[in-house]
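Fold and geometry: a report
Chain by chain, the residues:
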Amino acid sequence: MKKIVIEKPEKDWIDYSSLNLFMKCPRSYYWRCEQNITSSTDSSALINGKVYHDTISTFHNHLLSGVDFNIAKSVALESVLNSELGTIKDNSKHNTTVAISTLNNYFDTWKNEEYTTVHVEIGVAADLGDFIYLGKIDRVVNSPFGLMIMETKTTSVVGNRWLMRGKPNLQIDGYIGAYYINTGEMPAGGILDIIPINEKSLKQPFRVLTMRTRKDIENWLHNIKHWFRIIMECKSNNHFPMNPENCIPIIGANCIYYTLCNLYPHIDTSTYDIPDEYKVEKWMPWEIPN
């Protein structure tokens, strides 16, 4: 598979993931995006999500090349057998067997979908004046409602809350805005493509459609520019405040920077001796492996 390569911006930039990290905790943003420090080992959830996305990308790229549905599905599912999922041990939901079962059901469920693929795993870089907004759109489709941005999410949590996440949704707003700025064509909205992981029983995939107007994108531009100014202020003052509420949440995973923040509660140096649980890896969303 090819890489999506966006030319490295010559001015400041931001992407959805780094902005989301900043919103949760500016100090986490500092460690990951300013100091390029991350966990030395990928979590099973991260590996699992990547394999699902890569498999679906493989499937749709083969369909775009003109091959039969069953062949495209077979090739895609075979790629799971050779994926990093094989390195995960003793995990009841993040493993090869569950992934193949879940994805096979996903492909069959949407075999006769009313969407025609336009792009798969497309990179976008939108110039917003003072900075560049970067992104990677899972899929762009033609639908009965017009052009739509599709974002795939794997989850072990199902319920009505997903229906409420269509709007507001900063990620969908950003991808629609970036696509519009890049192409001049305004998508009608977005689709959350939800894939419940079939750990113990078969759960059907479902999709949440959410529409957008140009006014929505104007609001996104206003908000994203404001958030960027806050990030620039933190950089200028060399101070990224810590949000302790997200260090050890009552529900959810611990912040991976818990140890690091305890070692260095004050960021008054540019050199850190980091424990073995971390590694240095640059945050480079302009080069996204497929």
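Analysis parameters
Residues numbered from 1 in each chain as written. Predicted model: local features only at pLDDT ≥ 70, side-chain atom pairs only at ≥ 80, totals over all residues. Heavy atoms only, no water. Helix = DSSP H or I, 4+ residues; strand = E, 2+ residues; numbered from the N terminus. Rg over C-alpha atoms; globule rule 2.2 N^0.38 Å. Buried < 20%, exposed > 50% of the residue type's maximum accessible area, 1.4 Å probe, protein only. Contact = heavy atoms within 4.5 Å. Areas by Shrake-Rupley, 256 points an atom, 1.4 Å probe, with all protein chains shown as cover. Patch = residues over 30% accessible without salt bridge, like charges linked within 9 Å, V, L, I, M, F, W, Y side chains within 5 Å. Salt bridge = Lys/Arg side-chain N within 4 Å of Asp/Glu carboxyl O. Phe/Tyr/Trp six-rings, centres within 6.5 Å; stacked < 30°, edge-to-face > 60°. Core = buried A, V, L, I, M, F, W, Y, C linked by side-chain atoms within 4.5 Å.

Per the secondary structure count, the protein includes nine helices and ten strands. Taking 290 residues into account, the globule formula puts the C-alpha radius of gyration at 19 Å, and the protein, at 20 Å, falls close to it. In terms of overall dimensions, the protein has a C-alpha envelope of 60 × 50 × 35 Å along the principal axes. The buried share among the 290 residues of the protein stands at 44%. In the protein, 72% of the contacts between residues at least 6 apart in sequence involve partners at least 24 apart. Of the roughly 15,400 Å² of accessible surface on the protein, 50% is carried by carbon and sulfur atoms.

For A178, the location among the structural elements is in helix α7 (residues 170-183). Sequence-wise, A178 and Y133 are 45 residues apart; in three dimensions their C-alpha atoms are separated by 7.2 Å. With sequence-adjacent residues up to four places away left out, A178 is seen in contact with V124, A126 and Y133.

Before going further, it helps to spend a moment on a nonpolar patch on the surface. A surface patch of nonpolar side chains, about 280 Å² in accessible area, is lined by F145, L209 and M211. According to the relative accessible area criterion, L209 is partly exposed, its value standing at 36%.

Moving on, we get to the packing of aromatic side chains. Within the structure shown, the criterion is met by 15 aromatic pairs. Aromatic side chains F22 and Y29 sit 5.4 Å apart centroid to centroid with 90 degrees between the ring planes, which places their arrangement in the edge-to-face category. In this structure F22 comes out as buried when scored by relative accessible area, which is 3%. A relative accessible area of 4% places Y29 in the buried class. On the basis of an interplanar angle of 80 degrees and a centroid distance of 6.3 Å, the ring pair of F22 and W227 is categorised as edge-to-face. You can see F22 sitting in helix α1 (residues 16-24) and its partner W227 sitting in helix α8 (residues 214-237), a full 205 residues away along the chain. Judged by relative accessible area, W227 falls into the partly exposed class, the value being 29%. Taken together through their ring pairs, the aromatic side chains of F22, Y29, Y30, W31, W227, F240, Y264 and Y272 make up a single cluster.

W31, Y133 and I137 are the most contacted members of the largest nonpolar core, which totals 44 residues. The biggest single contributor to this core is α8, with six residues. In this structure, I137 is in contact with V120, E121, I122, V124, I149, M150, Y175 and Y179, ignoring residues within four places of it in sequence. Ranked by size, the runner-up nonpolar core spans 19 residues in total, among them Y52, L77, L85 and I88.

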